[in-house]
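So the chains spell out like this:
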Amino acid sequence: MSQPWQPETPHDEAVLAVLLSLRAFGDAMDRMHGGMKSDMDMNATDLAALRMLVMREQRGQTVSPHDLADHLRISSASTTKLLDRLSASGHLERSPHPHDRRARVVSLTQESRHQFHRHFGRRLRSMRETAGRYDDDELRVIARFLDDIAGAIDPR
């Protein structure tokens, strides 16, 4: 078994402080998502699917069942079950693709959007206020750092 990494320089200490902050951030996100899973009575995969739909919707992107399966790394059969479950519970709807009549897209229902806003609205306002305390250059560095960290964790 390898020994835990021990910082040896001031830069190493700064790196460790950032990694510890990332761990605390991850824990806070887990607690927030855990609360939402309970509030919405769904499992982690269901919630991950809804989060993905929210993010893609905010970017103006459509989501196919295949996109969802790829994002969640689940089989087609599991995706079908997930879509059936979330459709039956009123969280999402399937509709024809706007440009390909053979394909389907998946989107949030208005009620699901409302639940997300109700659950995340206060937290999102607080996060925007926190981010607003940084100048544009700092925010660009933070965004680049977080994107790089996401790539290091999940190098698709």
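What you see is a predicted model, and the numbers here were worked out from it, not measured in a lab.

1. A look at the overall build of the protein
Here's step 1: Broken down by element type, the protein carries 6 helices and 2 strands.
Here's step 2: Helices and strands appear in the protein in the N-to-C order α-α-α-α-β-β-α-α.
Here's step 3: Relative to the 2.2 N^0.38 estimate, which gives 15 Å for 156 residues, the radius of gyration of the protein is 19 Å and therefore markedly larger than a compact globule would have.
Here's step 4: With the principal axes as the frame, the protein shows a C-alpha extent of 60 × 40 × 35 Å.
Here's step 5: With 156 residues in all, the protein has 23% of them scored as buried.
Here's step 6: When contacts within the protein are restricted to residue pairs at least 6 apart in sequence, long-range pairs at least 24 apart make up 48% of them.
Here's step 7: When the accessible surface of the protein is split by element, carbon and sulfur atoms take 53% of a total near 11,300 Å².
Here's step 8: A gap of 7 Å separates the mean positions of the 23 positive and 23 negative side-chain charges of the protein.

2. Description of the nonpolar core
Here's step 1: The biggest cluster of nonpolar side chains holds 20 residues, and the ones touching the most others in it are Leu50, Leu53, Leu68, Leu82 and Leu86.
Here's step 2: Top element by residues in this core is helix α2 (residues 44-58). It accounts for 7 residues.
Here's step 3: When residues no more than four places from it in sequence are discounted, the contact partners of Leu82 are Thr45, Asp46, Ala49, Leu68 and Leu72.

Criteria and cut-off values
- Residues numbered from 1 in each chain as written.
- Predicted model: local features only at pLDDT ≥ 70, side-chain atom pairs only at ≥ 80, totals over all residues.
- Heavy atoms only, no water.
- Helix = DSSP H or I, 4+ residues; strand = E, 2+ residues; numbered from the N terminus.
- Rg over C-alpha atoms; globule rule 2.2 N^0.38 Å.
- Buried < 20%, exposed > 50% of the residue type's maximum accessible area, 1.4 Å probe, protein only.
- Contact = heavy atoms within 4.5 Å.
- Areas by Shrake-Rupley, 256 points an atom, 1.4 Å probe, with all protein chains shown as cover.
- Lys, Arg positive; Asp, Glu negative; His and termini not counted.
- Charge placed at Lys NZ, Arg CZ, Asp CG, Glu CD.
- Core = buried A, V, L, I, M, F, W, Y, C linked by side-chain atoms within 4.5 Å.

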